[in-house]
Amino acid sequence: MGMAIQAVAFAILSAILSLGQIFMSAATFQDLILTLQHYWADQGCVLMQPYDMEVGAGTFHPATFLRAIGPENWQAAYVQPCRRPNDGRYGENPNRYQYYYQFQVMLKPSPDNIQELYLNSLRHLGIDPLVHDIRFVEDNWESPTLGAWGLGWEVWMDGMEITQFTYFQQVGGLECYPVTGEITYGLERLALYLQGVEDFQQLIWSKSGTSVVTYADVFHQYEVEMSAYNFDYSDVPALFKQFDFCETETTRLLAASLPLAAYEFVMKASHAFNLLDARQAISVTERQRFILRVRTLARGVAQAYYESRKALDFPLADAEIKQTFLQEVMSGE
Amino acid sequence: MSNNLLFELQTEELPPKSLSQLISQLVANVRLELNKVQIDFTDIRGFATPRRLALIVTDMAARQPDQVLERRGPALQAALDQDGEPTKALGGFLRSCGLTDISQLQQQETPKGTWLVYEQHKAGAGVGELIEAVISQSLANLPIDRKMRWGATRTEFVRPVHSAILLYGDEVLPARFFDCDTGRVTLGHRFMGQGETCIASANDYIEALRAEYVIVDFEERKSTIRQQLQAIATQENASIVIDENLLDEVTALVEWPVALSGGFDPAFLSVPEEALISAMKSHQRYFHLVDKAGKLLPRFVTVANIRSTQPDTVIKGNERVISPRLSDAAFFFRRDQESPLQSNLVRLESIVFQAKLGTYRQKAQRISALAGFIAEQTGIDVSMAQRAGLLCKADLVTGMVGEFPELQGLMGSYYARHDGEALEVAEAIKEHYLPTFSGGELPQSGVGQAVAIADKLDTLTGLFGIGQPPTGSKDPFALRRQALGVIRICIESGWQLDVKATLSFAATQHNGDFGTEAVYDYMLDRLGSWYQDQGIPADSFAAVRNSNIPVVDLRDCDFRVRAIQAFRQQPLAASLVAANKRVANILKKTNSQPAAVDPGLFIEAAERQLHDALGKAKILLQAKHSDNQAFYEQQCLVLAGLQAEVDRYFDGVMVMADDPAIRANRIAMLYQMRELFLGIADFSLLQD
């Protein structure tokens, strides 16, 4: 009898504790990041830090783009700030910013239970899938500039896209084997939900005692100024020159067999292109040509990176996967 | 013995737009493969949800029928030598059959002698042996745009496959698909189900999954959703607008549909409702509600894939999503109206229509001039047509069309009205893309028709001019549809438009020496197939196309084709057509030229009678042209009136008379008669 009561009490206590933990875990924007980091670290991911350059998406981070190439295993998770100059609205749109955060997870090879792993991460954030309408809606991904494509979904929660989910099929023009599963959370949109507010600006970034710091406190001025820069003040002729410079630099570094260094200039070229695009400085026909130029660079980097890993005999690869890769994938190329 | 067979592939979420096609194709493939291996069955029923493709084959036979395979060997004569010993030929044949003695072979009598044959009795294979290949082949033959791989497997499918069920009655048939060994376990609803579920037998499948919150039958789910949508409409005292494509897509996105309605701020209703509907439909897959007058209500219906424990939370979430979407639309609508449509023309310079055909700015100017030319011919206000032509592409650079490309034309018309352009101009901007699909709605206003034709003919002459006409498989500029659009507008608008002259005008506007012959022929070919689609045979149109009156006014051409079509149904048509064929042949052989007929050279009475009849007919045929089908039917009747004289003529007159003068005179009369007919159509081309 005593034992039973004790057991019930324990169950209730642990339920309260876990509930408390769940609600606590998503109370602020930074808690959201911390919870995801803990969760994915527990799944065996290498926690990386954001790449310190301007990128349009977490996919550009070398921990995804380059690691997706070749037969080596890799699991990583990281936050990546993203810049999409065209999406600037001077801080006036409730959920569209030119600078925002993604939480990126890449699992290679993609495990069979990758969808369940993802849904469990939502449960950790306090999202109950019996309350919300969570769906995987077809959304295939193609990055013409990276010479990459994959198939997958956007994940909807009550109609809002909160995550992109992609199985990479090709990167930098190279077939992906094994396949990388990429999970990209839109952190601000997820936070809107968890915090029950309508506008990015209202998000609570951190809370300590009675002191509250909001997303607006951290970023609003930046968003307004950067929108002005992107749309009104960027120096178009200088950006064109910058693009050309990055292109020649990539080519030069590839010739020197320095793919990682060359890749940084691909990222810079891509950002220069996005800035020019925001100024509508690139016409439709030219646009196609610019995309091709970046793609050529990205392909060159992918190939060079592949060669460099091959020279090291793919140290992170499973023996069996490596063999299949060399026999079936590369023999077809 | 027969039983029901169940096959299920449990997958990750399949693409909704192709789901119903995927399952119907799988069913068709399995049907074909089973027929190939001669396994009998009554029917195959397919099932599809976001996470599974399945099918049940009913009353499927357990085995193939037994078969007798016959192999013919050497002739009996060649099998044994003089000593009665087996020859090399016989030995080789026996070895190839795996036999040892001639007694194992049968003798077959043929007209050419006796032959040895081997009758191999093959017992029919059982379902268990055949089914894996049948299904593998059916899966391999599915039309999948893009296959994918996952993990470290080398197999490929639409989306990752997790398990496969293969049950014959209640027995698992062992097989392997996409690295999955078959069993009887599947998954129910992703959240409401209990997880893994065992299927006891093929007959239990539907209900076992229903208990796990999955309606496996696509059509049943679809009608459930339809009922739920209607119920909400009734409850809200409104009408629901159900786009069938959207309904299909939504059906493919849920296993357990629950329709929920929500609302948005009525202030958004100041934005054109087409834009609001686009935002709801294309981005969110929402259905919309309208009031009794058909006006959009600030409501929407979403179909969730769960019976939520807190439906209000789901609704509130959806309301929170649609609001920024609509506010983006409102933002674009406001910003687009800050500058007049005309000011967008400058920005059209940066959009290339086609590398060799210039920018949209240049195209707009060409459309404007061409629309003016058309208006002049057809009595439409020229300045309106020119204005509408100039502005018709100006909305391509607006924020709204950038966000919702399907609203092109429509937004332009809103903005034109806002700018104070004439209503006719605004309407024409909206209508000029019509028809947007084969058989689609046509522009109704005269100015709209002029601009629609101008836009399409500009594209047609341009692409033919630079040597990029459509090919069998490639038609990126939809020239087929555009040519057909011009044809339908010309015929249905009731204009007398000279298509040839209009094409010439269009061609000369391009920067290059573009001809019009190829486009003109292409359009007439399209016209011919358009008639065929309506059940008017190709020869009726060919008869008109090859008459002496070139097809330049498509409406007039249409009257003639329909009059010919009516005429050929009449009993006397056959002999007139035969006479025309005969005359055409004679004239072809004699390579004749027009010449005067001299009645003084007539010998037979039939000659004079036909001559008189032709004379009368000629006068009747010169009746004042009136613009309708009845006019040509009347003309055909006049020609039909010649039948008796024509028949009598061919019965009694030998055209190829020995006397060259008489012969020439007869040929001259036939020539005149032929010309008379050719003034309407080439009747000799009509087939029986």
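Per chain, residues are indexed from 1 in the order of the written sequence. All chains are assigned letters beginning at A, and all ligands numbers beginning at 1, according to the order in which they are written. Residues qualify for local features only when their pLDDT is at least 70, as the model is predicted, and side-chain atom pairs are given and counted only at 80 or more; totals for whole chains, interfaces and linings, by contrast, use all residues. By convention in this description, side-chain values take in all heavy atoms of the structure and omit both hydrogens and water.

### Observations concerning the side chain of Thr502 of chain B
Residue and element names in this part refer to chain B. Put simply, the rule reads: The way it works is that DSSP assigns letters per residue, a run of H or I at least four long becomes a helix, a run of E at least two long becomes a strand, and they are numbered from the N terminus. Relative accessible area decides the class of each residue, using a 1.4 Å probe on protein chains only: under 20% of the type maximum gives buried, over 50% gives exposed, and in between gives partly exposed. Contact definition: two residues touch when any of their heavy atoms are within 4.5 Å.
Mapped onto the fold, Thr502 is located in helix H18 (residues 499-509). When its relative accessible area of 0% is taken as the criterion, Thr502 is described as buried. With residues near it in sequence (within four places) discarded, Thr502 still touches Leu370, Phe373, Ile374, Gln377, Leu457 and Leu497.

### Thoughts on the packing of helix H7 (residues 236-255) of chain A against helix H8 (residues 259-278) of chain A
Residue and element names in this part refer to chain A. Inclusion rule: All axes are obtained by fitting lines to C-alpha atoms, using only the stretch in contact for helices, and the reported angles, taken between N-to-C directions, cover 0 to 180 degrees. Working definition: roughly parallel below 35 degrees, roughly antiparallel above 145 degrees, roughly perpendicular at 65 to 115 degrees, and oblique for all remaining angles. A crossing counts as left-handed when the near helix is turned anticlockwise from the far one by less than a right angle, and as right-handed when that turn is clockwise. Any residue outside Ala, Val, Leu, Ile, Met, Phe, Trp, Tyr, Cys, Pro, Asp, Glu, Lys and Arg is labelled polar, Gly included; the first ten of those are nonpolar and the last four are charged.
One can describe the packing of H7 onto H8 by two numbers: an axis separation of 8 Å at closest approach and a directional angle of 160°. On the basis of the axis angle, H7 is roughly antiparallel to H8. The crossing of H7 and H8 is left-handed. Touching Val236, Leu239, Phe240, Phe243, Phe245, Cys246, Glu249, Thr250, Leu253 and Leu254 of H7 are Pro259, Ala261, Ala262, Phe265, Val266, Lys268, Ala269, Ala272, Phe273, Leu275 and Leu276, all from H8. Partitioned by chemical class, the residues of the contact of H7 with H8 number 18 nonpolar, one polar and two charged.

### Describing the pairing of strand E2 (residues 74-83) of chain A
The two faces of the sheet receive side chains in turn, since in a regular strand these alternate between them. All names here are of chain A. Definition in use: Strands were regarded as paired on the criterion that DSSP finds at least two bridges between them.
Extensive coverage of E2 is indicated by the burial of eight of its ten residues. Where strand E1 (residues 46-47) meets E2, two bridges bridge the pair, whose relative direction is parallel. If you follow Val46 over to E2, its bridge partner there is Ala76.

### What to know about the packing of helix H20 (residues 538-545) of chain B against helix H21 (residues 554-567) of chain B
All names here are of chain B. The geometry of H20 relative to H21 is characterised by a closest axis approach of 9 Å and an angle of 130° between their N-to-C directions. Compared by their axis directions, H20 and H21 come out oblique. Here H20 and H21 pass one another in a crossing that is right-handed. In contact with Ser540, Phe541 and Val544 of H20, H21 contributes Cys557, Arg560, Val561, Ile564 and Gln565. Looking at side-chain class alone, the contact of H20 with H21 contains five nonpolar, two polar and one charged residues.

### Some remarks on the sheet that holds strand E15 (residues 287-290) of chain B
Residues and elements named next belong to chain B. Pairing within the open sheet is antiparallel, and its four strands lie in the order E13-E15-E16-E14. Looking along the sheet, the strands with just one partner apiece sit at the ends: strand E13 (239-241) and strand E14 (258-263). On average, adjacent strands in this sheet sit at an angle of 35° to one another, irrespective of strand direction. In this sheet, strand E16 (residues 296-304) lies alongside E15 in antiparallel orientation, the contact comprising three bridges. The residue of E16 that forms the bridge with Val290 is Leu296. On the sheet, helix H6 (residues 218-235) packs against E13, E14, E15 and E16 and is oriented at approximately 35° with respect to E14. Helix-sheet contacts for helix H8 (residues 273-284) involve E15 and E16, and the interaxial angle to E16 is about 10°.

### Things to note about the interface of chain B and chain A
For the record, the criterion: Salt bridges are defined as contacts in which a side-chain nitrogen from Lys or Arg sits within 4 Å of a carboxyl oxygen from Asp or Glu. Whenever two N or O atoms come within 3.5 Å, that pair is a polar contact, provided that in protein one can donate a hydrogen and the other can accept it, and provided that, for residues adjacent in sequence, both atoms are side-chain atoms.
With 50 residues of chain B in contact, the opposing surface of chain A contributes 52 residues. Here Glu403 of chain B and Arg96 of chain A are joined by a salt bridge, their closest N and O atoms 4.0 Å apart. On inspection of chain B and its partner chain A, the count reaches 21 residue pairs in polar contact (both at pLDDT 80 or more). Listing elements by their share of the side of chain B that touches chain A, those giving two or more residues are H8, E16 and helix H9 (311-336) of chain B.

### Quick word on the domain arrangement of chain B
Definition in use: Domain segmentation is taken from an automatic or database assignment of domains.
What the domain assignment reports for chain B is domain 1 (2-64 + 126-210), domain 2 (67-122), domain 3 (218-336), domain 4 (352-535) and domain 5 (565-685). For domain 1 of chain B and domain 2 of chain B, the distance between their C-alpha centres works out to 46 Å.

### Structural notes on the sheet that holds strand E5 (residues 106-110) of chain B
Residues and elements named next belong to chain B. Ordered by their spatial adjacency, three strands build an open sheet running E4-E6-E5, and the pairing between neighbours is antiparallel. Across the chains shown, the open sheet's two edge strands, defined by having one partner strand only, are strand E4 (67-75) and E5. The average angle at which neighbouring strand axes cross in this sheet is 40°, direction not considered. Bridge count between E4 and strand E6 (residues 113-122): seven bridges; the pairing is antiparallel.

### Concerning the domain arrangement of chain A
All names here are of chain A. Going by this rule: Summed over both partners, the accessible area lost on bringing two parts together, with a 1.4 Å probe, is the buried area.
Domain assignment breaks chain A into domain 1 (25-231) and domain 2 (235-329). With centres defined by C-alpha atoms, the gap from domain 1 to domain 2 works out at 22 Å. Between domain 1 and domain 2, the contact holds 33 residues from the first and 33 residues from the second. Together domain 1 and domain 2 conceal approximately 3100 Å² of surface at their shared face, both sides included; 67% is due to carbon and sulfur atoms. At the junction of domain 1 with domain 2, the criterion picks out one salt bridge.

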